[in-house]
Amino acid sequence: MALCCLAFSLFFQALHAHVDFFTSIGQMTDLLYTEKDLVTSLKDYIRAEENKLEQVKQWVEKLDTLTSTATQDPEGFLGHPVNAFKLVKRLNSEWADLENLVLQDTSDGFISNLTVQRQHFPTDEDQNGVAKALLRLQDTYQLSAHDISAGDLPGVVYKSRMTVEDCFELGKIAYSEADYYHTELWMAQALRQLDDGEDSPVDKVTVMDYLSYAIYQQGELERALELTMRMLKLDPTHQRANGNMKFFEFQLEKQRKVEEVEEVEQSSGQKEGTARQLDKRDVQMKRSKDPLPERRRYEQLCRGEGVKMTPRRRSRLFCRYSDNGRKPHLLLAPVKQEDEWDRPHIVRFYDIISDYEIEKVKELAKPRLRRATVHDPITGKLTTAQYRVSKSAWLTGHDHPVISKINQRLEDVTGLNMDTAEELQKDEPDAFKELGTGNRIATWLFYMSDVPAGGATVFTDVGAAVWPKKGTAVFWYNLFASGEGDYSTRHAACPVLVGNKWVSNKWIHERGQEFRRPCGLSEME
């Protein structure tokens, strides 16, 4: 079996958006510097335009005074030969100079820079991707559209509010995916902000048009009709609203008749029970074929609503210093261990990677970051997936002495062999078969950044959640000593709500561990 993957080349992930910008904070930072450069270029253009206009303004002011005086007594003014000379000179040459000044194009520098930078701009796919990521955060952490729009997120430093246009755009993207649940949430928020007096090029009628349809698609005919009638008060000639009002009224009347028949049948005992009402999000998840119970459990764990250990279970968790059986490298500097969970046994190591090592690994990995892939069970090939938007890079001990040093440290701490490394050809569907190193026996996960909110690693089968702490690592076995898979170690990464998350994985295979972790005699041993 293959649970949570690879052996001994270092697998590096940057979690968070041609380049899929929406999938990587690391590469989105480049866009900030691109935008800053464009702002500087635009300022230069504005200064050039202002300088040109200032010259024109001075010219106008000078001539305004002169012509006002001259036209009071034209003959007397032109009776002076110098005035006559200067008038002819101005009209023959100076006005031509002014014409050239006005026609001078000062935008060349800015337009050239914009043209060069535009090839690195995000695409529509990136915009849709970052919008869907925001909707996923909203669901996972149960955030209201109002709080997100107001910028009220836990742990946030740089608060940013959303405009009506922002909310409207988010609602439109959800609408294009037939996600009427989120369409309603964000069109309703856009409408609230318009009702509160926010100025916007987006008008109320347009917002209500989307909102009423999204509400209708979710089965709320009365609310859809109310919104449509409100639309018609603002725009009585709105063709679609007039048609929808008649349709909604007809459907409501039809629905009332059905309900009357059902009431009669129930009162006479002909029909027992009523269908359980699903909330709107349940309906949307069923429509999108999302595995409902699994998703619910995952999101609860991401919010910190996992299993709470009994005091008795917690009493079996310990902190300790360990030299792992007097390993030479650990005698003078034993590692700090803490039990995070008992079954499966998950251990956290503190101060296990230095800030220098973290920065060096990030420096080596950034140029190699690529969108992470998943195995497609239908095609048998590796492909990208909307739900997995991390970016990954592979580093080996040959890339830098720091990587070799980290590999040696992991061997000392775990006591496992680091020679059965998976090569860089991880993108091959049959990578394990080609390696001949067996299944993945254990997982080591470095946390290389603190995360203000979100970003936990959750184990859905047992209700455990492990939170990122910079400079620490967690370790667990994916296989029992017998070689059978421990399915309780199935895990998933929660989306980062605020901040960004850098992790490095070390996936260890069973070949080469025969004498370091001998086989157990029972299946679950």
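Residues numbered from 1 in each chain as written. Predicted model: local features only at pLDDT ≥ 70, side-chain atom pairs only at ≥ 80, totals over all residues. Heavy atoms only, no water.

An unreviewed UniProt entry annotates the chain as procollagen-proline 4-dioxygenase originating from Electrophorus electricus. UniProt, in the comment section headed Subcellular location (unreviewed entry), describes the chain in these words: "Endoplasmic reticulum lumen". (UniProt positions renumbered as here; feature names shortened; annotations may be inferred.)

Draft legend 1. Fine view of the overall build of the chain. For the chain, the count of helices and strands is 17 helices and 16 strands. Burial status across the chain gives 43% buried among its 525 residues. Accessible area for the chain stands at about 29900 Å²; split by element, carbon and sulfur atoms hold 53% of it. (Helix = DSSP H or I, 4+ residues; strand = E, 2+ residues; numbered from the N terminus. Buried < 20%, exposed > 50% of the residue type's maximum accessible area, 1.4 Å probe, protein only. Areas by Shrake-Rupley, 256 points an atom, 1.4 Å probe, with all protein chains shown as cover.)

Draft legend 2. View of the state of the cysteines. On inspection of all chains with the given rule, the structure shows 1 disulfide. Between Cys 302 and Cys 494 runs a disulfide, and the two sulfur atoms are separated by 1.9 Å. The chirality of the disulfide connecting Cys 302 with Cys 494 is left-handed, given an S-S dihedral of about -90°. Of this pair, Cys 302 sits in helix H13 (residues 292-302) while Cys 494 sits in the loop between strand E14 (492-493) and strand E15 (496-498), and the two are 192 residues apart along the sequence. Side by side, Cys 302 and Cys 494 carry an identical accessibility label, which is buried. (Disulfide = S-S within 2.5 Å.)

Draft legend 3. Region of the structure containing the UniProt feature "repeat: TPR" (unreviewed entry) in the chain. In the numbering used here, UniProt assigns the "repeat: TPR" (unreviewed entry) feature to residues 205-238. From the first C-alpha to the last, residues 205-238 spans 9 Å; its make-up is 79% helix and 0% strand.

Draft legend 4. Quick peek at the environment of His 345. With respect to the helices and strands, His 345 occurs in the loop between strand E3 (335-341) and strand E4 (346-350). Taking the C-alpha atoms as reference points, His 345 and Leu 317, separated by 28 residues in sequence, lie 9.7 Å from one another. If we ignore the near neighbours within four places in the chain, the residues touching His 345 are Asp 339, Phe 475 and Trp 476. A polar atom in the side chain of His 345 sits 2.9 Å from the side chain of Asp 339. (Contact = heavy atoms within 4.5 Å. Polar contact = N/O pair within 3.5 Å; in protein donor to acceptor, adjacent residues only side chain to side chain.)

Draft legend 5. Spatial organisation of helix H7 (residues 164-176). Counted at 1.5 Å a residue, the expected span for H7 with its 13 residues is 18 Å, and the 18 Å between its end C-alpha atoms agrees. Within the span of H7, buried status applies to Val 164, Cys 167, Phe 168, Leu 170, Gly 171, Ile 173 and Ala 174. The inward-facing, buried residues of H7 abut helix H5 (124-140), helix H6 (145-150), helix H8 (180-195) and helix H9 (204-217). Following H7 by one or two positions, Ala 178 adopts a phi angle in the positive range, close to 60°. (Expected span 1.5 Å × (residues − 1).)

Draft legend 6. Broad picture of the packing of aromatic side chains. In total, this model carries 16 aromatic pairs according to the counting rule given. Centre to centre, the rings of Tyr 175 and Tyr 210 are 5.0 Å apart; their planes meet at 85°, and the pair counts as edge-to-face. Here Tyr 210 lies in helix H9 and Tyr 175 lies in helix H7, a separation of 35 residues in the sequence. Judged by relative accessible area, Tyr 210 falls into the partly exposed class, the value being 22%. Aromatic side chains Tyr 213 and Tyr 216 sit 6.0 Å apart centroid to centroid with 50° between the ring planes, which places their arrangement in the tilted category. Separated by 3 residues within a single helix, Tyr 213 and Tyr 216 lie in helix H9, roughly one turn from each other. (Phe/Tyr/Trp six-rings, centres within 6.5 Å; stacked < 30°, edge-to-face > 60°.)

Draft legend 7. Layout of the nonpolar core. With 44 residues, the main nonpolar core has Tyr 141, Trp 186, Val 207, Leu 211, Val 458, Cys 494 and Leu 497 as its most contacted residues. Excluding anything up to four places from it in sequence, Trp 186 contacts Leu 135, Gln 138, Ala 145, Ile 148, Ser 149, Met 162, Cys 167, Leu 170 and Gly 171. If you look at the next biggest cluster of nonpolar residues, it comprises 30 residues, including Ile 352, Leu 395, Ala 442 and Trp 444. (Core = buried A, V, L, I, M, F, W, Y, C linked by side-chain atoms within 4.5 Å.)

Draft legend 8. Local environment of the pattern of salt bridges. Here the structure, examined in full by the defined rule, presents 27 salt bridges. Residue Glu 184 pairs with Arg 223 through a salt bridge whose shortest N-O separation is 2.9 Å. Placement of Glu 184 in helix H8 and of Arg 223 in helix H10 (residues 221-234) is noted, with a sequence separation of 39 residues between them. The partner of Asp 461 in a salt bridge is Arg 490, and the shortest N-O contact between them spans 3.0 Å. Of this pair, Asp 461 sits in the loop between strand E11 (457-459) and strand E12 (464-466) while Arg 490 sits in the loop between strand E13 (472-477) and E14, placing them 29 residues apart in sequence. When salt bridges that share partners are traced, they join Glu 294, Arg 297, Asp 461 and Arg 490 into one network. (Salt bridge = Lys/Arg side-chain N within 4 Å of Asp/Glu carboxyl O.)

Draft legend 9. Spatial organisation of helix H3 (residues 81-103). Taking 1.5 Å of rise per residue, 23 residues should cover 33 Å, and H3 covers 32 Å from first to last C-alpha, within 8% of that figure. Maximum bend of H3: about 45°, positioned at Arg 90. (Bend = angle between axes of the 7 residues up to and from the residue.)

Draft legend 10. Summary view of the confidence of the model for the chain. Of all residues in the chain, 82% attain a pLDDT of 70 or more, and the chain-wide mean is 84. Counting contacts from residues 270-277, a segment whose pLDDT is below 50, to residues more than four positions away or on other chains yields 6 contacts. Segment residues 421-434: pLDDT under 50, and 35 contacts once partners within four positions in sequence are set aside and those in other chains are kept. (pLDDT = per-residue confidence, 0-100.)

Draft legend 11. Broad picture of the pairing of E4. With 4 of 5 residues buried, E4 is to be regarded as a mostly interior element. Strand direction decides the pairing type here: E3 and E4, joined by 5 bridges, are antiparallel. For Glu 338, the partnering residue across the bridge sits in E4 and is Arg 348. The hairpin formed by E3 and E4 contains 4 residues between the paired strands. Pairing analysis gives 3 bridges linking E4 to E13, with the strands arranged antiparallel. (Pairing = 2+ DSSP bridges.)

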